Amino acid sequence: MFDRDTMLQLCNEWSKNTLMNTLDIVYTDAGEDFLTATMPVNPRVHQPMGLLHGGATVALAESVGSAASLMFVNPEKQEVRGIEISANHLKSKREGMVTATAKIIHKGASIHLWEIRIVDEEGKLISLCKLTNMVLSRRQ
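This structure is a prediction, so every number in the text was calculated from the model and none was measured.

The rules behind these values
Along each chain, residues carry numbers from 1 onward, in the same order as the chain's sequence is written. For a predicted model such as this one, the threshold for reporting local features is a pLDDT of at least 70, and the threshold for listing and counting side-chain atom pairs is 80 or more; totals across whole chains, interfaces and linings nevertheless cover every residue. Side-chain figures throughout are based on the complete set of non-hydrogen atoms in the structure, without hydrogens or water. Strands are labelled as partners when DSSP assigns at least two bridges between them. What counts as a helix is a DSSP run of H or I of at least four residues, what counts as a strand is a run of E of at least two, and both are numbered from the N terminus. Working convention: axes come from line fits to C-alpha atoms, limited for helices to the stretch in contact. Angles between N-to-C directions cover 0 to 180 degrees. By definition, residues are in contact when any of their heavy atoms lie within 4.5 Å. Note on exposure labels: buried denotes an accessible area under 20% of the residue type's maximum, exposed denotes more than 50%, and partly exposed covers the range between, all computed with a 1.4 Å probe on protein chains only. What the arc covers is the set of directions going from the helix axis to the C-beta atoms. Whenever two N or O atoms come within 3.5 Å, that pair is a polar contact, provided that in protein one can donate a hydrogen and the other can accept it, and provided that, for residues adjacent in sequence, both atoms are side-chain atoms. When a carboxyl oxygen of Asp or Glu is within 4 Å of a side-chain nitrogen of Lys or Arg, the pair counts as a salt bridge.

Peer 1: Would you explain the sheet that holds strand S5 (residues 111–119) in this entry?
Peer 2: The strands making up a sheet associate through backbone hydrogen bonding, with each pair oriented either parallel or antiparallel. With respect to topology, 6 strands assemble into an open sheet ordered S1-S2-S4-S5-S6-S3, the strand pairing being antiparallel. Each end of this open sheet is capped by a strand with a single partner; those strands are strand S1 (26–31) and strand S3 (78–89). Each strand axis lies, on average, 25° off the axis of its neighbour in the sheet, ignoring direction. Where S5 meets strand S6 (residues 125–137), 9 bridges bridge the pair, whose relative direction is antiparallel. Note on S6: the bridge partner recorded for Ile 118 is Ser 127. Where helix H1 (residues 4–14) meets the sheet, it contacts S1 and strand S2 (34–41), and its direction lies at approximately 150° from that of S1. Contacts from helix H3 (residues 54–69) reach S1, S2, S3, strand S4 (96–107), S5 and S6 within the one sheet, and its direction differs from that of S3 by about 145°.

Peer 1: Where do I start with the pairing of S6 in this structure?
Peer 2: Where a strand is regular, its side chains alternate between the two sheet faces. Bridge count between S3 and S6: 11 bridges; the pairing is antiparallel. Residue pairing across strands places Glu 84 opposite Thr 132, the latter belonging to S6. Between S5 and S6, which pair antiparallel and follow one another directly, the connecting turn spans 5 residues, one of which, Gly 123, has a positive phi of 85°.

Peer 1: Mind showing me how you'd approach H1 here?
Peer 2: Every α-helix carries 3.6 residues per turn, so stepping three or four residues along brings you back to the same face. All buried positions along H1 are accounted for by Met 7, Leu 8 and Cys 11. Buried residues of H1 fall within an arc of 95° about the axis and therefore sit on the same side. Residues of H1 that are exposed and point more than 90 degrees away from the buried face comprise Asp 5 and Gln 9. Packing partners of the buried residues in H1 comprise S1, S2 and H3. Between the side-chain oxygen of the N-cap and the backbone nitrogen of Asp 5 there are 3.2 Å, and the N-cap of H1 in question is Asp 3.

Peer 1: Please clarify how the pattern of salt bridges should be interpreted in this entry.
Peer 2: Oppositely charged side chains may form a pair once their charged atoms are brought near each other. The final tally for this structure, using the stated rule, is 9 salt bridges. Its salt-bridge partner being Arg 44, residue Asp 24 comes within 3.6 Å of it at the nearest N-O pair. Here Asp 24 is found in the loop between helix H2 (19–22) and S1, whereas its partner Arg 44 is found in the loop between S2 and H3, with 20 residues between them in sequence. Residue Asp 24 is classed as partly exposed on the basis of its relative accessible area, which comes to 33%. A salt bridge links Lys 124 to Glu 122; the shortest N-O distance between them is 3.2 Å. Classification of Lys 124 as partly exposed rests on a relative accessible area of 42%. Three or more residues joined by partner-sharing salt bridges are found here, namely Arg 4, Asp 5 and Asp 29.

Okay, structure coming up:
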């Protein structure tokens, strides 16, 4: 049975001392088919023109989509690897907060496909991403 609080705790715990921690990504909500996280937009994630860097946006999307796949695997026996990501950046952002929500499109035994919508505080779409994850057996 799905436990929202446990999932969020695990995702935030696993983020310590990683890129997610560096980018201040925080997992904030989860359901049986989605995971949500936030990331502040400030000079740490800007490109030289003072806008949210597309690479930071993609890092947020891949972080959320990869963590979301963990809901469907046994982490003691399986691992998740992102194998393809695409992003369409539709709106720029200089400051504030963005929220990424990964929703499952396809949940196979070895492949998970996620759609990740990244929105601003007003719910306006900043980026639309697609992530494909591969599920692998954990090596001993």
